[in-house]
Every structure is written in structure tokens, then in C-alpha cells.
Amino acid sequence: MQNSKNYSHTLLREIISIGDTVIDATCGNGNDTLFMAQLIGKSGQVLAFDIQQQAINNTLTLIQQNNCDKQVSCIKDSHSNLPKYIDSDTKIKAAIFNLGYLPKSDKSIITLPKSTIAAINSIQDYLIPGGRIVIVAYYGHQNGQEELDAISTYLSQQDQQDWSVLQYQFINQKNCPPICFCLEKKQKNISSCLS
Ligand SMILES: C[S@@+](CC[C@H](N)C(=O)[O-])C[C@H]1O[C@@H](n2cnc3c(N)ncnc32)[C@H](O)[C@@H]1O
């Protein structure tokens, strides 16, 4: 079985194609940004957000080393400000959040429930049918449980007519292994649109 991080990539790989627009909401060291940049090719776009300059620098270095600069825009701002950076008619295919702190960095700079949920909520408006928002919650740190509870409550309240919501986790492992959530926008068939 895949761990949550690998499974998050499986969920993205299944739907992302050349030319898509996608979001890395917490780019950190740039691993998810690079993964998606390689899936979308030079005709697509990754918008990569982080509030820390160190994370932006790390991501830019990784992207340049892998010759993916053309399709990546790094934005030093909170993911909750995403609407400031895209046109209102932008169609987003996928987004990923890795919640928690930047590895080997200041552990007090963490994602927070209010801005995380605001960002998920705004991406939902731009997501195309069949698109996915994948969230990997590392919750072993201080305040991590609070964020996990808030995300879990928010996701479980999504209308099942419009959204499929998945929770993937190992329930017999110690030390709070990360949990992967996926929110997929349902395709509407024509008859349900007309009724
Ligand atoms: C677990 S790390 C991300 C790891 C990254 N996905 C990678 O592959 O290396 C979480 C990141 O979220 C960032 N972050 C925290 N709050 C944020 C916010 N409101 N908007 C964007 N990024 C944020 C942190 O600075 C940190 O770099």
C-alpha cells in the first residue's frame, strides 16, 4: 500500500494532463510543484504559493534545476489570497496542500485552519468537473490536531451531490502518520442540469 504522500501523487497523476492549470498551495521545498510541472508540460501552468521566502527560493532552485521554469509561477503570499492572482474565468484542474511546517525549518510557521479552509473554498469555485483538491495533513505537531479537525469537519460537510470526498489513512500506525484527503468535483449529467 502507498503512504499518504505517494497516494496524493497517484490521485493527481490520474487526472492531470498536458496544458492543465494546477495549484501547489504550500510549495515548501518544491517537490509537489516539480511533480505537477512535469505532468502539465510547458503548455500548462503551476501556481505555487508559500508565505516563506526560503520556501519560494527552494522551489525556484528545484524548478530551474529540472528545466521547468516556463510552466511555474512562484507566489510569496498566502494561498487564501489565490483569487488575487488568477482571472475569474480560470479553470483549475487540480490543487495540492501539504499541511504543517517546512521540513528542517521554523516549526512555528505552520498552515492554519482559517486560511487553509478559505483557500480550499476559493479553489472549489475554479475547479473544473472531475478536478481534484488533494490535502495531505501532517498533524503530529502542536496545533496540528486542531487543523485536522477543522479540515475534516469542513470536508465532511460538502454536498454529496456536487463533491466526492475521500479520506485515506493508516489506522494502526504510531506517531500520527499523515492523512490524505481528496475532494473531487462531480461531473453533472445533462438531465440533472435541466431539472
Ligand atoms: C509541509 S510544508 C510543504 C512541503 C512541500 N509540499 C514540499 O514538497 O516540500 C508546508 C508549507 O506551507 C507553508 N505555508 C504555511 N501557511 C501558508 C499559507 N497561508 N499559504 C501558503 N503557504 C503556507 C509553510 O511555509 C510551509 O513551507
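Residues numbered from 1 in each chain as written. Predicted model: local features only at pLDDT ≥ 70, side-chain atom pairs only at ≥ 80, totals over all residues. Heavy atoms only, no water.

In the annotation of an unreviewed UniProt entry, the entry for the protein reads Putative rRNA methylase, and the organism field reads Granulicatella balaenopterae.

Undergrad: When you look at the overall build of the protein in this model, what are you seeing that I'm missing?
TA: When you go through the protein residue by residue, the secondary structure sums to 6 helices and 7 strands. Element order for the protein, N to C, with α for helix and β for strand: α-β-α-β-α-β-β-α-β-α-β-β-α. The globule rule puts the C-alpha radius of gyration for 195 residues at 16 Å, and the 16 Å found for the protein is close to it. Expressed along its principal axes, the backbone C-alpha trace of the protein runs to roughly 55 × 40 × 35 Å. Taking all 195 residues of the protein together, the buried fraction comes to 50%. Across the protein, every contact between residues at least 6 apart in sequence was considered, and the portion connecting residues at least 24 apart equals 73%. A total of about 10100 Å² of accessible surface is found on the protein, and carbon and sulfur atoms cover 47% of it. Counting 16 positive and 17 negative side-chain charges, the protein places the averaged centre of each group 4 Å from the other. (Helix = DSSP H or I, 4+ residues; strand = E, 2+ residues; numbered from the N terminus. Rg over C-alpha atoms; globule rule 2.2 N^0.38 Å. Buried < 20%, exposed > 50% of the residue type's maximum accessible area, 1.4 Å probe, protein only. Contact = heavy atoms within 4.5 Å. Areas by Shrake-Rupley, 256 points an atom, 1.4 Å probe, with all protein chains shown as cover. Lys, Arg positive; Asp, Glu negative; His and termini not counted. Charge placed at Lys NZ, Arg CZ, Asp CG, Glu CD.)

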